[in-house]
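Understanding the architecture of this molecule
Here is how the chains run, residue by residue.
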Amino acid sequence: MTNIIIYKNQNVYTGFKSEGHADFNSSGEYDIVCAAISILTQGLYFSLVENCNIDENEIHAIQEDGFLEIKLDYNKSNNIKIQSNFEFMITGLKLLEAQYSNHINLEVMEVQRW
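These lines cover the structure that appears in this document, whether it is placed above or below. (Residues numbered from 1 in each chain as written. Predicted model: local features only at pLDDT ≥ 70, side-chain atom pairs only at ≥ 80, totals over all residues. Heavy atoms only, no water.)

1. Some remarks on unusual backbone geometry
The phi dihedral of Asp23 is positive, around 55°, even though this residue is not glycine. In the Ramachandran plot, Asn53 falls in the positive-phi region, its phi being about 60° despite a non-glycine side chain. Along the chain, the position of Asn53 falls in the loop between helix H1 (32–50) and strand E3 (59–64). (Helix = DSSP H or I, 4+ residues; strand = E, 2+ residues; numbered from the N terminus.)

So this is what it looks like as structure tokens:
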């Protein structure tokens, strides 16, 4: 199962952590749930860089097999364009969770500012 925690501070999304494999399909087989999660989460990162003009050095990102964490400074995140990108990703993840609840768990966590 993939567990995703969305980081939020006072109604401002500041990042997320995605951990684990969806295990929708057998090991070694194409996993559509894992692929969809990857597209949404990695898409956010690249959209922040390419569409929101966030310098990659301003994004705290850790990526490993089955793990992606992205954090932005609150002051950088508190922007309508950036929040719209987060909301797009979250909407997609909620749709996946509704359809594949045995393979994805999504929650929102209130965090301190970084």
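2. So, the nonpolar core
Among the nonpolar cores identified, the biggest contains 26 residues, and Ile6, Phe16, Leu48, Phe86, Met89 and Leu93 are the most heavily contacted of them. At the level of elements, strand E1 (2–9), strand E2 (12–19), H1, strand E4 (67–72), helix H3 (80–99) and strand E5 (104–110) are the ones that each hand at least two residues to this core. The biggest single contributor to this core is H1, with seven residues. Phe16 has contacts with Ile5, Ile6, Tyr7, Thr41, Leu44, Leu68, Glu69, Ile70, Phe86 and Met89, leaving out every residue within four places of it along the chain. (Core = buried A, V, L, I, M, F, W, Y, C linked by side-chain atoms within 4.5 Å. Buried < 20%, exposed > 50% of the residue type's maximum accessible area, 1.4 Å probe, protein only. Contact = heavy atoms within 4.5 Å.)

3. Quick look at a nonpolar patch on the surface
A surface patch of nonpolar side chains, amounting to about 320 Å² of accessible area, comprises Phe24, Tyr30 and Ile32. Among the residues examined, Phe24 registers a relative accessible area of 35% and is labelled partly exposed. (Patch = residues over 30% accessible without salt bridge, like charges linked within 9 Å, V, L, I, M, F, W, Y side chains within 5 Å. Areas by Shrake-Rupley, 256 points an atom, 1.4 Å probe, with all protein chains shown as cover. Salt bridge = Lys/Arg side-chain N within 4 Å of Asp/Glu carboxyl O.)

4. Points about the side chain of Ser77
Mapped onto the fold, Ser77 is located in helix H2 (residues 74–77). Of the residues examined, Ser77 reaches a relative accessible area of 0% and is grouped as buried. Beyond its immediate sequence surroundings of up to four residues, Ser77 is in contact with Val12, Tyr13, Thr14, Leu72, Ile82 and Gln83.

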